[in-house]
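# Observations on chain architecture
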Amino acid sequence: MTRGRFITLEGMDGAGKTTHLDWLRARLEARGMPLIVTREPGGTPLGEALRQLLLDSHDTRNPETEALLMFAARREHLAQVITPALEAGQWVLCDRFTDATYAYQAGGSGMDWHRVAELERWVQGPLQPDLTLYFDVDPEIGQARTRQVRAPDRFEREQQAFYERVRAAYLRRASEHPHRIKVIDAARPIPEIQITLEKIILTI
Ligand code: TYD
């Protein structure tokens, strides 16, 4: 039995990740690929419970606590869902994975990069996605769409700085893993992006 392929999608809000994920699912299914679609944080009952805790609360949290919870959910997700599916020859399409922890907890919130790497090694061993599609968009463009003519207030400026750090961390990951992570310019029209995606998935 050939092992399935593990594909992850990454990108910030407004980058169109969800639209592209739905399209990719349809394309792969049309090619007859046995496929599961899952997400992080989430993908298992424990992961979904942690997701609710992590995303619904507005408390300020220590980024290391967040990363540990993300990796706890990830460990469960790998053991219960991802690894068995890959071993059964299924393709796994996952909405966010470990690159998001580097981007948000290390890049955005300032956690030590190497600490994330230690957790990654511990939780994943040698397992890495076969392909990561990172949908890149300038956070200023995203914010400018929602902002009116007025200048950004302090909170908006802080938010923008956070997302710029998240983006820089994603780009750092992409430059460190150029074969695995494909940077897709998400500011382009959707049909153009789909042509790029089609070419990429034909190569794996
Ligand atoms: P997202 O996947 O964009 O879901 P939706 O917009 O559909 O609710 O949101 C998940 C959030 O979780 C996003 O803000 C990034 C964050 N996140 C981390 O901070 N670290 C991680 O390791 C992961 C997987 C996600």
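Just above, that's the structure.
Treat the numbers as computed from the prediction; the structure is a model and nothing was measured.

### Overview of the sheet that holds strand β2 (residues 35-39)
- Across the sheet, 5 strands lie side by side as β2-β3-β1-β4-β5; this open sheet has parallel pairing. Two strands in the sheet have a free side with no partner beyond their single neighbour: β2 and β5 (181-185). Taking each pair of neighbouring strands and ignoring which way they run, the sheet shows an average axis angle of 20°.
- Pairing of strand β4 (residues 131-136) with β5 involves 5 bridges; the strand directions are parallel. For Leu133, the partnering residue across the bridge sits in β5 and is Lys182.
- Here helix α4 (residues 98-108) sits on the sheet in contact with β1 (6-11), β4 and β5, set at roughly 20° to β1.

### Points about the site of the ligand
- As a structural note, the neighbourhood of the ligand is formed by 13 residues, with Arg51, Arg96, Thr101, Tyr104 and Gln105 the closest of them.
- Interatomic distance of 2.8 Å between a side-chain N/O atom of Gln105 and a nitrogen atom of the ligand.
- Among the elements of the structure, α2 (45-56), α3 (63-87) and α4 are those that each provide at least two residues to the shell around the ligand.
- With 4 residues, α4 is the largest single contributor of residues to the shell around the ligand.
- Counted by class, the shell around the ligand contains 5 nonpolar, 2 polar and 6 charged residues.

### Some thoughts on the pattern of salt bridges
- In total, this model carries 14 salt bridges according to the counting rule given.
- A salt bridge links Arg115 to Glu64; the nearest nitrogen and oxygen atoms lie 3.8 Å apart. Taken together, the residues Arg115 in helix α5 (residues 113-124) and Glu64 in helix α3 connect sequence positions 51 residues apart.
- For Arg115, a relative accessible area of 42% translates into the label partly exposed.

### Observations regarding the side chain of Asp136
- By the element assignment, Asp136 lies in strand β4.
- Here Asp136 falls in the buried class, since its relative accessible area comes to 11%.
- Here Arg167 takes part through its side chain, which lies 2.9 Å from a polar atom of the side chain of Asp136.
- Ignoring sequence-local partners within four residues, the contact set of Asp136 consists of Arg167, Leu171, Val183, Ile184, Asp185, Ala186 and Ala187.

### Let's talk about the nonpolar core
- Core analysis: the biggest nonpolar cluster contains 29 residues, and Phe6, Ile82, Tyr104 and Tyr170 have the highest contact counts within it.
- Where this core is concerned, the elements lending two or more residues are α3, β3 (91-95), α4, α5 and α7 (154-176).
- The dominant element in this core, judged by the number of residues it contributes, is α3, at 6 residues.
- Setting aside chain neighbours within four positions, we find Phe6 in contact with Ile82, Leu86, Val92, Cys94, Phe97, Leu127, Gln128, Pro129, Asp130 and Leu131.

### Details of the environment of Asp13
- Along the chain, the position of Asp13 falls in the loop between β1 and α1 (17-30).
- In this structure, Asp13 is in contact with Arg96 and Tyr163, ignoring residues within four places of it in sequence.

### Here's the deal with the packing of α4 against α5
- One can describe the packing of α4 onto α5 by two numbers: an axis separation of 10 Å at closest approach and a directional angle of 155°. Here α4 is positioned roughly antiparallel relative to α5, judged by the angle of their axes. For the pair α4 and α5, the crossing hand works out as right-handed. When α4 is examined against α5, the residues Thr98, Thr101, Tyr102 and Ala106 are found in contact with a partner set consisting of Trp113, Val116, Ala117, Glu120 and Gln124.
- A breakdown of the residues in the contact of α4 with α5 according to their chemical character gives 5 nonpolar, 3 polar and 1 charged.

What counts, and where the lines are drawn
- Residues numbered from 1 in each chain as written.
- Predicted model: local features only at pLDDT ≥ 70, side-chain atom pairs only at ≥ 80, totals over all residues.
- Heavy atoms only, no water.
- Pairing = 2+ DSSP bridges.
- Helix = DSSP H or I, 4+ residues; strand = E, 2+ residues; numbered from the N terminus.
- Axes fitted to C-alpha atoms, helices over the stretch in contact; angles between N-to-C directions.
- Contact = heavy atoms within 4.5 Å.
- Near = heavy atom within 4 Å.
- Polar contact = N/O pair within 3.5 Å; in protein donor to acceptor, adjacent residues only side chain to side chain.
- Nonpolar A, V, L, I, M, F, W, Y, C, P; charged D, E, K, R; others polar.
- Salt bridge = Lys/Arg side-chain N within 4 Å of Asp/Glu carboxyl O.
- Buried < 20%, exposed > 50% of the residue type's maximum accessible area, 1.4 Å probe, protein only.
- Core = buried A, V, L, I, M, F, W, Y, C linked by side-chain atoms within 4.5 Å.
- Parallel < 35°, antiparallel > 145°, perpendicular 65-115°, else oblique.
- Left-handed = near helix turned anticlockwise from the far one by under 90°.

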